[in-house]
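# Examining the three-dimensional arrangement
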There are 2 protein chains.
Amino acid sequence: MENSTKLLKEFNLKVTPQRVAIVDELYHKGHLNIDELYAIMLSKFPSISLATIYKNVNSMVEKFFISEVKIPSEKSVYELIKEEHSHLVCEECKKIEDIVIDTSSVLDELKSQSKFNIKHTNVIFTGVCSECSK
Amino acid sequence: MENSTKLLKEFNLKVTPQRVAIVDELYHKGHLNIDELYAIMLSKFPSISLATIYKNVNSMVEKFFISEVKIPSEKSVYELIKEEHSHLVCEECKKIEDIVIDTSSVLDELKSQSKFNIKHTNVIFTGVCSECSK
DNA sequence: CTGACTGCAAACGTTTTGCACGGTA
DNA sequence: TACCGTGCAAAACGTTTGCAGTCAG
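From a predicted model like this one, the values you see are computed outputs, not experimental measurements. (Residues numbered from 1 in each chain as written. Chains lettered and ligands numbered in written order. Predicted model: local features only at pLDDT ≥ 70, side-chain atom pairs only at ≥ 80, totals over all residues. Heavy atoms only, no water.)

## Let's talk about the sheet that holds strand β3 (residues 86-90) of chain A
Spatially, β4(A)-β3(A)-β5(A)-β5(B)-β3(B)-β4(B) is the arrangement adopted by the 6 strands of the open sheet, whose pairing is mixed. Strand pairing shows two members of the sheet lacking a second neighbour, β4 (96-99) of chain A together with β4 (96-99) of chain B, which therefore form its edges. Sheet twist, expressed as the average angle between the axes of neighbouring strands with direction ignored, equals 20 degrees. Looking at chain direction, strand β3 (residues 86-90) of chain B and strand β5 (residues 117-128) of chain B are connected through 4 bridges and run parallel. Bridge pairing links B:His87 to B:Ile124 in β5(B). (Pairing = 2+ DSSP bridges. Helix = DSSP H or I, 4+ residues; strand = E, 2+ residues; numbered from the N terminus. Axes fitted to C-alpha atoms, helices over the stretch in contact; angles between N-to-C directions.)

## Section: the interface of chain B and chain A
Counting residues at the interface gives 38 residues for chain B, matched by 38 residues for chain A. Carbon and sulfur atoms supply 60% of the area that chain B and chain A bury against each other, a total of about 3,200 Å² over both sides. Ranking the residues of chain B by area buried against chain A places B:Lys70, B:Phe116 and B:Phe125 at the top, with a combined share of 21%. Linking chain B to chain A there are 2 salt bridges. Taken together, the links from chain B to chain A amount to 19 residue pairs in polar contact (both at pLDDT 80 or more). Of all the secondary structure elements, the ones that give two or more residues to the side of chain B that touches chain A are β3, β4, α5 (104-113) and β5 of chain B. Of all the elements, β5(B) adds the most residues to the side of chain B that touches chain A, at 12 residues. Of the pairings in the sheet, the one linking strand β5 (residues 117-128) of chain A to β5(B) comprises 11 bridges and is antiparallel in character. Bridging from a neighbouring strand, A:Asn122 pairs with B:Ile124 of β5(B). (Contact = heavy atoms within 4.5 Å. Buried area = accessible area lost by both parts, 1.4 Å probe. Salt bridge = Lys/Arg side-chain N within 4 Å of Asp/Glu carboxyl O. Polar contact = N/O pair within 3.5 Å; in protein donor to acceptor, adjacent residues only side chain to side chain.)

## Considerations on the protein's contact with DNA strand D
Not every one of the 18 residues close to DNA strand D is listed here, only the nearest: A:Thr16, A:Arg19, A:Lys55, B:Tyr54 and B:Lys55. Restricting the count to atoms of DNA strand D within 4 Å of the protein gives a sugar and phosphate share of 76%. One of the side-chain nitrogen or oxygen atoms of A:Lys55 is found 2.6 Å away from a base oxygen of DNA strand D. Elements supplying a minimum of two residues to the surface near DNA strand D: α2 (17-29) and α4 (50-62) of chain A together with α4 (50-62) of chain B. Broken down by element, the residue count for the surface near DNA strand D peaks at 5 residues, all from α4(B). Its residues placed into classes, the surface near DNA strand D shows 6 nonpolar, 7 polar and 5 charged. (Near = heavy atom within 4 Å. Nonpolar A, V, L, I, M, F, W, Y, C, P; charged D, E, K, R; others polar.)

## Some remarks on the domain arrangement of chain A
Residue and element names in this part refer to chain A. Once the domains are mapped, chain A shows domain 1 (2-80) and domain 2 (86-133). Using only C-alpha atoms to locate each centre, domain 1 and domain 2 end up separated by 24 Å. Residue-level contacts link 8 residues of domain 1 with 6 residues of domain 2. Around 590 Å² of area is buried between domain 1 and domain 2 when both sides are counted, 70% of it from carbon and sulfur atoms. The largest contributions to the domain 1 side of the interface with domain 2 come from His31, Ile71 and Glu74, which together make up 62% of the buried area. The tally of links from domain 1 across to domain 2 stands at 1 salt bridge. Measuring nitrogen to oxygen at the nearest pair gives 2.8 Å for the salt bridge that ties glutamate 74 to lysine 94. Counting every contact that joins domain 1 to domain 2 gives 3 residue pairs in polar contact (both at pLDDT 80 or more). For the side of domain 1 that touches domain 2, the residue count by class is 4 nonpolar, 1 polar and 3 charged. (Domains from an automatic or database assignment.)

## Regarding the side chain of A:His85
Residue and element names in this part refer to chain A. Tracing the backbone shows histidine 85 in the loop between β2 (77-80) and β3. Among the polar contacts listed, one links the side chain of histidine 85 to the side chain of glutamate 79, at a separation of 3.2 Å. Leaving out residues up to four positions away in the same chain, histidine 85 has contacts with Glu79, Asp98, Ile99 and Val100.

Here you go:
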């Protein structure tokens, strides 16, 4: 069985062709906003409704299968949930890169300053990628 | 002259009572979303329009006088721009705390992994504050 | 005095909802 | 078969715009 189908079942989401396609795209593209997702889906399902995109994205977010990434000055994108990671966003070409960094030193420093019990560390770096800075 | 008035002039924004009040509130409360700001402003200017809030917030953002903070699963809040800092957000009471942490080790690690030329580092920690974890 | 700001109402874009139909389990 | 998902249209929501009157510089 294909990967996307298996994943949907694991998250107790009914397997429909539309959902499989959404998961496939997020898997291959990494990050997509609603408009990009709709455009891609339209090419595969000419009569798909935007409402279907929203409904599916929302149910996948609720089941913690995908997550919304809120980027400063940009539209939110969605990605499959995996190991905690940070994002690098190019201000010019808008490319988004995932990066796994060790945040333990920052968390240690934080612990000494605040009594918060931290659950998640959300880091977004913005700047210019190597292609755009040429 | 009061602080807010002076600040508005420094950022080339005309000084109106509505703007002074917005800056005063952001200064005292630290972070406010649009609805909170509107509610507070309504109590001071009963006939103020939501459009006025939006117009002022947008012009202040454009002049880099205030900035939008996008928080996972929450409404965006606005704050006066100051030294770069991170945010701690309590998932339960929604309180937001500012914290200045040294991100140089993370930036160094990043530099060794990616060719991005980083301009800004945006860090949001989510968790439970000390009052709520009692 | 002039241009910018305000408040109002309308417009706009985005997201959600209700419903009839069709597909999945 | 029973329920859930889909597509469509309408509704709801948040934000922006245009305009006439007012105010700051």
